[in-house]
Amino acid sequence: NEIEGLNVAACCDVLPFRLDSALAKTGNKADGYTDYREILDNRDIDAVLIATPFSLHGKIAMDAIDTGKHIYCEKTMAKGYTGIHDLVQRASTSSKIFQTGHQYHSSRLYAHVVELLQQGEIGKISSFECQWNRNGNWRRPVPDPSLERQINWRMYRAFSGGLAAELSSHQIDFVSWVLGENPYKIMGVGGIDYWKDGRETFDNIHLLYDYPSGVKASFTCLTSNAQGDYQIKVHGDKGTILLDYTKAWIYYEKGNEKEMGDVDGVSGATVNYMIQGKGKAIHIEHNDPSKQALIDFRDSIIDNKMPISNVQSGANTAIAVQMSLDAMINNEIKTWGSQ
């Protein structure tokens, strides 16, 4: 509702109190539905935003394609190799816009950092260290026990990919964006080691990716310690770039220091406790990534152009997420193309 050119015409949810909350945010001007197919059958609706349990993304998206809607499908795009493949195939038959909700693709700061990395600002990249740590059980309150699996679907494997799909997927997507390649090999471990509450998805995960170029990347999610929260560290032989949600810093290796202002968009010197020494803050004007992603979705529809976070990039990240789950659950080393 804050974005010019977008008008929320309808909301759908199977939980009445969630639907009421959504409609209230439209000033109760939107139509309310409990069956998503009624939205798809409404010819006055041009585009849909799919923000449902992970296991439903693929089915709803394919139905939306069949009814000629533009689609913004939240991450992770689809669950399971067959579901991913089927959605990509169905999307290939449509002329409508399909944007996957890896919203950091739309961040102007992240796009600038990707450009710096690809131009060699920190030299040859050797590794990425990614984490998204929290201290909490990740549960939502349930007003009635019968609604446990609907509300806390993230805890159950039938509906969810757990931490890998809900959190690490954003950083997995970022690394592939920077490198322009998919992981060759994935290994990892996870466990239900802290929250002994009947959940089925892991409360901690530790993944290691090996890329064809030789670059390595680690992805860690904890739910019992929040130190450092969200961060991405990119290591090169000339320096390191550190990213959080909305800020970034560059730290040059000794002998590769640059004068302030030498790098476009980089200025100032700060000491950040994550990395020893002085880093230069990377300043780029940018919107909240989630808002910018919806602006980009609108523009892609108007200009009929493929979003930067599209069905194929979304599919590649979804495959990597499924490989990660297989590696952790089955204690296997997964290789790209073997699934």
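Now for a look at the structure at hand. Keep in mind that what you see is a predicted model, and the values were worked out from it rather than measured.

Rules of the game
Residues numbered from 1 in each chain as written. Predicted model: local features only at pLDDT ≥ 70, side-chain atom pairs only at ≥ 80, totals over all residues. Heavy atoms only, no water. Helix = DSSP H or I, 4+ residues; strand = E, 2+ residues; numbered from the N terminus. Rg over C-alpha atoms; globule rule 2.2 N^0.38 Å. Contact = heavy atoms within 4.5 Å. Areas by Shrake-Rupley, 256 points an atom, 1.4 Å probe, with all protein chains shown as cover. Pairing = 2+ DSSP bridges. Axes fitted to C-alpha atoms, helices over the stretch in contact; angles between N-to-C directions. Core = buried A, V, L, I, M, F, W, Y, C linked by side-chain atoms within 4.5 Å. Buried < 20%, exposed > 50% of the residue type's maximum accessible area, 1.4 Å probe, protein only. Phe/Tyr/Trp six-rings, centres within 6.5 Å; stacked < 30°, edge-to-face > 60°. Lys NZ or Arg CZ within 6 Å of the ring centre and 35° of its normal. Expected span 1.5 Å × (residues − 1). Polar contact = N/O pair within 3.5 Å; in protein donor to acceptor, adjacent residues only side chain to side chain.

Take the overall build of the protein next. Regarding its fold elements, the protein presents 9 helices and 15 strands. On C-alpha atoms alone, the protein measures out to a radius of gyration of 21 Å, which is about the 20 Å that the 2.2 N^0.38 rule sets for 339 residues. Within the protein, contacts between residues at least 6 apart in sequence are counted, and of these 65% link residues at least 24 apart. Split by element, the accessible area of the protein, about 16,400 Å² in all, is 48% carbon and sulfur.

What follows covers the sheet that holds strand E3 (residues 47–50). Strand order in the open sheet formed by 3 strands is E3-E4-E5, with parallel pairing between adjacent strands. Looking at strand neighbours, the two that pair on one side only are E3 and strand E5 (98–101), the edges of this open sheet. The sheet shows a mean angle of 10 degrees between the axes of neighbouring strands, taken without regard to direction. As judged from the 4 bridges shared by strand E4 (residues 70–74) and E5, these two strands associate in the parallel manner. Counterpart to Ile 71 in the pairing with E5 is Phe 98.

The next point concerns the nonpolar core. The nonpolar side chains of a soluble globular protein tend to be buried, and buried together. In terms of nonpolar packing, the biggest core is built from 76 residues, with Phe 128 and Phe 174 touching the most fellow members. In terms of residue count, the dominant contributor to this core is helix H9 (residues 311–330) (10 residues).

What follows is about the packing of aromatic side chains. Applying the stated rule across the entire model yields 11 aromatic pairs. Aromatic side chains Tyr 104 and Tyr 230 sit 5.7 Å apart centroid to centroid with 20 degrees between the ring planes, which places their arrangement in the stacked category. Residue Tyr 104 is found in the loop between E5 and helix H5 (108–118), and its partner Tyr 230 is found in strand E10 (residues 230–236); the two are separated by 126 residues along the sequence. Exposure class is identical for Tyr 104 and Tyr 230. Each is buried. Connected via pairs of aromatic rings, a cluster forms that spans Tyr 104, Tyr 110, Trp 132, Phe 174, Trp 177, Tyr 230 and Tyr 245. Against the face of Tyr 156 rests Arg 149, its NZ or CZ located 4.2 Å from the ring centre.

This paragraph deals with helix H8 (residues 289–303). Across its 15 residues, H8 extends 20 Å between first and last C-alpha, which sits within 8% of the 21 Å expected from 1.5 Å per residue. Here H8 has its buried residues at Pro 289, Gln 292, Ala 293, Ile 295, Asp 296, Phe 297, Arg 298 and Ser 300. Among the structural elements, E3, E4, E5 and H5 are those in contact with the buried residues of H8. Measuring from the side-chain oxygen of the N-cap residue of H8 to the backbone nitrogen of Ser 290 gives 3.0 Å; that N-cap residue is Asp 288. Of the residues flanking the end of H8, it is Asn 304, one or two places downstream, whose phi is positive at about 50 degrees.

Our next topic: the pairing of strand E8 (residues 204–210). Burial within E8 is extensive, with 5 of its 7 residues counted as buried. As paired elements, strand E7 (residues 185–191) and E8 share 7 bridges and run antiparallel to each other. Bridge assignment links Gly 191 to a residue of E8, and that residue is Asn 204. Across 7 bridges, E8 lies against strand E9 (residues 216–222) in antiparallel orientation. Along E9, the bridge assignment pairs His 206 with Thr 220. In this antiparallel pair of consecutive strands, E8 and E9, the connection spans 5 residues, and Gly 214 shows a positive phi of 95 degrees.

For the rest of this paragraph, the subject is the side chain of Thr 240. Following the sequence through the fold, Thr 240 ends up in strand E11 (residues 239–243). Residue Thr 240 is classed as buried on the basis of its relative accessible area of 8%.

Before going further, it helps to examine the pairing of E11. Among the 5 residues of E11, 5 are classified as buried, and the element is accordingly described as predominantly covered. Residues Gly 239, Ile 241 and Leu 243 line one face of E11 and the alternating positions Thr 240 and Leu 242 line the opposite face, and both faces are buried. By the bridge criterion, 5 bridges tie E10 to E11 in an arrangement that is antiparallel. Each bridged residue has a counterpart across the sheet, and for Gly 236 the counterpart in E11 is Gly 239. The antiparallel hairpin formed by E10 and E11 contains 2 residues in its connecting segment.

Position of Lys 238 among the secondary structure elements: in the loop between E10 and E11. Remark: the alpha-carbon pair of Lys 238 and Leu 208, spanning 30 residues in sequence, is separated by 23 Å. Beyond its immediate chain neighbours, meaning those up to four positions away, Lys 238 contacts Glu 121, Ile 122, Gly 123, Tyr 251, Tyr 252, Glu 253 and Asn 256.

The residue after Lys 75, namely Thr 76, is reached through a cis peptide bond having omega -25 degrees. Along the chain, the position of Thr 76 falls in the loop between E4 and helix H4 (81–91). Here the phi dihedral of Trp 138 falls at roughly 70 degrees; this positive angle occurs in a residue that is not glycine. Turning to its location among the elements, Trp 138 is positioned in the loop between strand E6 (125–132) and helix H6 (148–151). When its relative accessible area of 18% is taken as the criterion, Trp 138 is described as buried. The phi dihedral of Asn 304 is positive, around 50 degrees, even though this residue is not glycine. Relative to the helices and strands, Asn 304 is located in the loop between H8 and H9.

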